[in-house]
Structures are given as C-alpha cells and as structure tokens.
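The chain contents come next:
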Amino acid sequence: MRSTTTMLCLGTALLLAGGGVTGCSDGGEDPQLAVGAGVTRELEGGGRATYTLKSVTDPAEMKPGELTPLHDGRFWAALELEFKNVGDKDIEERPRYRTDVGPREGEKPFGTTATDFEPVQGPALPEVVRLKPGESAQGYLVIEVGRQGPVVGTVTYSPGRSGDIVWKVD
C-alpha cells in the first residue's frame, strides 16, 4: 500500500511540475510548492477547492492606524492567499486558523500569531471565507513572526482531512 502512495505522490509531483493542479491527500508526503503554485483538493462533504499562495511579504508593513501601541515594534509577514471553489458545493475556509509559517532552513523556530490586520499591500482576508461554486476570494493574512524578517521559510495551509499544503519561500 505504501508503494502505491509513493507512486501517487510521484505522479502528483510530475503533474505539479508540469503545471497541473492536484495533490496527495492520503497522508503521503506532498512536494513543497513554489510560491505562486496552486493545488486543487477534494474536501470533506464532497467540495473541491484550489488553494494558491500568491506572494509573501516579509517583513510586512501595516496600513496607518492598523496597529495599537501594544503592537508597535513587533514583526509581521503578509501572505497573499487565493481560494477558488471549483466544485459544486458551497465551501468555507478559515485562513487565520488553518495557516502556519515556519522558519527558513537552519533558523530557530519562532512563535506565530495570525491577525486580521491589513497590510499596505491590500485587503485582509475575512476570518471566515464562504464561497459558492465558481466563486473565489483573494486577500492577505498577516502573521506576527516574532523577529525581524525575512524569516518565513515555509507556509502551510491545512484544509482538513485532505492533507496539508506546503509552499517553500525562497
């Protein structure tokens, strides 16, 4: 069974390299994606969605008035995410709770906190993204990263049982 999983993941890697949009969803190791790449996943309840990390701004700057004095002097990264409902059922995403960042290779781990702050690059994603079939949403998720950037090495989105999606940040 494991060799079948391995072959499926290798096939997935080849499809991703060729611009296809799919992903391993059976607990196998997915290849890390480049920023800008999208992955389509089958979701619980029969939905289907495409997830894309469009860009990473690290360090990020917030719009004037976004930060309280309590937040001044902290360090931020802005992740531009896009969600597309490519299935035939309504879907719901919660990017603040399903997104995580990891350090660059060789760097110490850091604590992270997702926020609803709005960066200068564009609008923040809402706490809950609800999409009907054919709809899409794009926006920024700002994450406190604990120290001066650039520090983000990976971005992970967890859409549920279909397995984590990991992008490598160069």
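Now for a description of the structure that goes with this document. (Residues numbered from 1 in each chain as written. Predicted model: local features only at pLDDT ≥ 70, side-chain atom pairs only at ≥ 80, totals over all residues. Heavy atoms only, no water.)

### As for the overall build of the chain
Working step 1: Tallying secondary structure elements over the chain gives two helices and 11 strands in all.
Working step 2: What you see in the chain, going N to C, is helices and strands ordered as α-β-β-β-β-β-α-β-β-β-β-β-β.
Working step 3: Roughly 9,000 Å² of accessible area belongs to the chain as shown, and the carbon and sulfur atoms make up 50% of that amount. (Helix = DSSP H or I, 4+ residues; strand = E, 2+ residues; numbered from the N terminus. Areas by Shrake-Rupley, 256 points an atom, 1.4 Å probe, with all protein chains shown as cover.)

### Notes on the nonpolar core
Working step 1: Tyr51, Phe83, Val101, Val145, Val152, Val155 and Trp167 are the most contacted members of the largest nonpolar core, which has 27 residues in total.
Working step 2: Elements with a minimum of two residues in this core: strand 3 (48–57), strand 4 (76–85), strand 8 (129–131), strand 9 (136–144), strand 10 (152–157) and strand 11 (165–168).
Working step 3: The element that contributes the greatest number of residues to this core is strand 4, accounting for four residues.
Working step 4: Of all hydrophobic cores here, the second largest spans seven residues; its members include Ala60, Phe117, Tyr140 and Val142. (Core = buried A, V, L, I, M, F, W, Y, C linked by side-chain atoms within 4.5 Å. Buried < 20%, exposed > 50% of the residue type's maximum accessible area, 1.4 Å probe, protein only.)

### Quick word on the side chain of Thr40
Working step 1: Of note, Thr40 is situated in strand 2 (residues 38–42).
Working step 2: Polar contacts involving the side chain of Thr40 include one to the side chain of Thr50, which spans 2.6 Å. (Polar contact = N/O pair within 3.5 Å; in protein donor to acceptor, adjacent residues only side chain to side chain.)

### What to know about the sheet that holds strand 7 (residues 113–115)
Working step 1: One open sheet holds the five strands; their spatial order is 2-3-4-9-7, and the pairing between them is antiparallel. Of all strands in the sheet, those bounded by a partner on one side alone are strand 2 and strand 7. The average undirected angle you get between the axes of adjacent strands in this sheet is 30°.
Working step 2: In the sheet, strand 4 pairs with strand 9 via nine bridges, with the strands oriented antiparallel. The residue bridging Trp76 from the neighbouring strand is Glu144, located in strand 9. (Pairing = 2+ DSSP bridges. Axes fitted to C-alpha atoms, helices over the stretch in contact; angles between N-to-C directions.)

### A word on the environment of Val101
Working step 1: By the secondary structure assignment, Val101 is in strand 6 (residues 99–103).
Working step 2: You can call Val101 buried: its relative accessible area is 5%.
Working step 3: Between the C-alpha atom of Val101 and that of Thr154, which follows or precedes it by 53 residues, the distance is 5.5 Å.
Working step 4: Residues in contact with Val101, not counting those within four places in the same chain, are Leu79, Phe110, Thr112, Ile143, Val145, Val152, Thr154 and Val155. (Contact = heavy atoms within 4.5 Å.)

### Regarding unusual backbone geometry
Working step 1: Look at the link from Asp58 to Pro59: it is a cis peptide, with omega at 5°.
Working step 2: Put simply, Gly149 and Pro150 share a cis peptide bond, and its omega is 10°.
Working step 3: When you line up the elements, Pro150 lands in the loop between strand 9 and strand 10.

### With respect to the layout of surface pockets
Working step 1: Put simply, the largest pocket is a space of about 150 Å³.
Working step 2: At three residues, the largest contribution of residues to the lining of the largest pocket is made by strand 5 (residues 91–93).
Working step 3: Residues of the lining of the largest pocket, tallied by class, amount to three nonpolar, two polar and six charged. (1 Å grid on protein atoms, 1.4 Å probe; cavity = no way out; pocket = protein on both sides within 12 Å on 5 of 7 lines; lining within 4 Å. Points joined across faces, edges and corners; volume = space filled by probe spheres on them. Nonpolar A, V, L, I, M, F, W, Y, C, P; charged D, E, K, R; others polar.)

### Side note on the sheet that holds strand 10
Working step 1: Spatial ordering of the open sheet is given by 1-11-10-6, a layout of four strands whose pairing is mixed. Each end of this open sheet is capped by a strand with a single partner; those strands are strand 1 (33–34) and strand 6.
Working step 2: Relative to strand 11, strand 10 is paired through four bridges, and the arrangement is antiparallel. When the bridges of strand 11 are listed, Thr156 appears paired with Val166.

### Some words on the pattern of salt bridges
Working step 1: Evaluation of the coordinates by the stated rule reveals 10 salt bridges.
Working step 2: For Glu42, the salt bridge is made with Arg48, and the minimal N-O distance between the two is 2.4 Å.
Working step 3: When its relative accessible area of 47% is taken as the criterion, Glu42 is described as partly exposed.
Working step 4: We classify Arg48 as partly exposed; its relative accessible area is 31%. (Salt bridge = Lys/Arg side-chain N within 4 Å of Asp/Glu carboxyl O.)

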